[in-house]
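Fold and contact review
This is what each chain is made of:
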Amino acid sequence: MAKAFRVRDPAAFDIPEIREFVERALASNKLIRDVPAALRELKELADRPDLGLFLAGDMDKQEWTGMLFAQASASAFNTACVVIHFFNDGDSDDRGALVRALDSFARETGHDTIVGIDTNDKPRAFGKLFASLGAPEYGGQVFIFDMKESLL
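Residues numbered from 1 in each chain as written. Predicted model: local features only at pLDDT ≥ 70, side-chain atom pairs only at ≥ 80, totals over all residues. Heavy atoms only, no water.

Below, the discussion takes up helix 2 (residues 35-45). Of the residues making up helix 2, those classed as buried are Val 35, Ala 38, Leu 39 and Leu 42. Buried residues of helix 2, viewed axially, fall in a sector of 100°; they line one side. Tucked inside the fold, the buried residues of helix 2 contact helix 1 (16-27), strand 2 (51-58) and strand 3 (63-72). Of the residues flanking the start of helix 2, the one acting as N-cap is Asp 34, its side-chain oxygen 3.1 Å from the backbone nitrogen of Ala 37. (Buried < 20%, exposed > 50% of the residue type's maximum accessible area, 1.4 Å probe, protein only. Helix = DSSP H or I, 4+ residues; strand = E, 2+ residues; numbered from the N terminus. Arc of directions from axis to C-beta. Contact = heavy atoms within 4.5 Å. Polar contact = N/O pair within 3.5 Å; in protein donor to acceptor, adjacent residues only side chain to side chain.)

Here's what the structure looks like:
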């Protein structure tokens, strides 16, 4: 069975295999325009208890296949655990390890609701991804406005 490991030590990003994998995972997110800046931010925030960064793979071989980044919200405006980024190059076991890590993280931080944004516009796949945590409930759509195209 695959395992997911929580990254809490900023020094983990100094390990080339971890740094290179996380850079590749971050580059897959269309909302991240500056991967090195996002990596620096993860490194600065890694030890925060409300943030969960998990890697799936083989720690002994330093072979990584999946990454999950989530935040346990403390705001009255959002009482859920928010999936900020999910990336999996591995198989269904690796994906399952990340989803189980998300489940544990959410529950440990007092949450019973998961929220995610499907930026890849694949609603069926996205709904299926986390369906083991609960029935997916459609909550609207996300629009991304590129202000470089502004008419103002």
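A pair of packed helices is characterised by two quantities: the angle between their axes and the separation of those axes. Taken N-terminus to C-terminus, the directions of helix 1 and helix 2 make an angle of 120°; their axes are 10 Å apart at the nearest point. One way to sum up the angle between helix 1 and helix 2 is to call them oblique. In this structure, the crossing between helix 1 and helix 2 has a hand that is right-handed. Between helix 1 and helix 2, the contacting residues are Arg 19, Val 22, Glu 23, Leu 26 and Ala 27 on the first element and Val 35, Ala 38, Leu 39 and Leu 42 on the second. For the contact of helix 1 with helix 2, the class distribution of residues is seven nonpolar, no polar and two charged. (Axes fitted to C-alpha atoms, helices over the stretch in contact; angles between N-to-C directions. Parallel < 35°, antiparallel > 145°, perpendicular 65-115°, else oblique. Left-handed = near helix turned anticlockwise from the far one by under 90°. Nonpolar A, V, L, I, M, F, W, Y, C, P; charged D, E, K, R; others polar.)

Worth remembering: the numbers are spatial, not functional.
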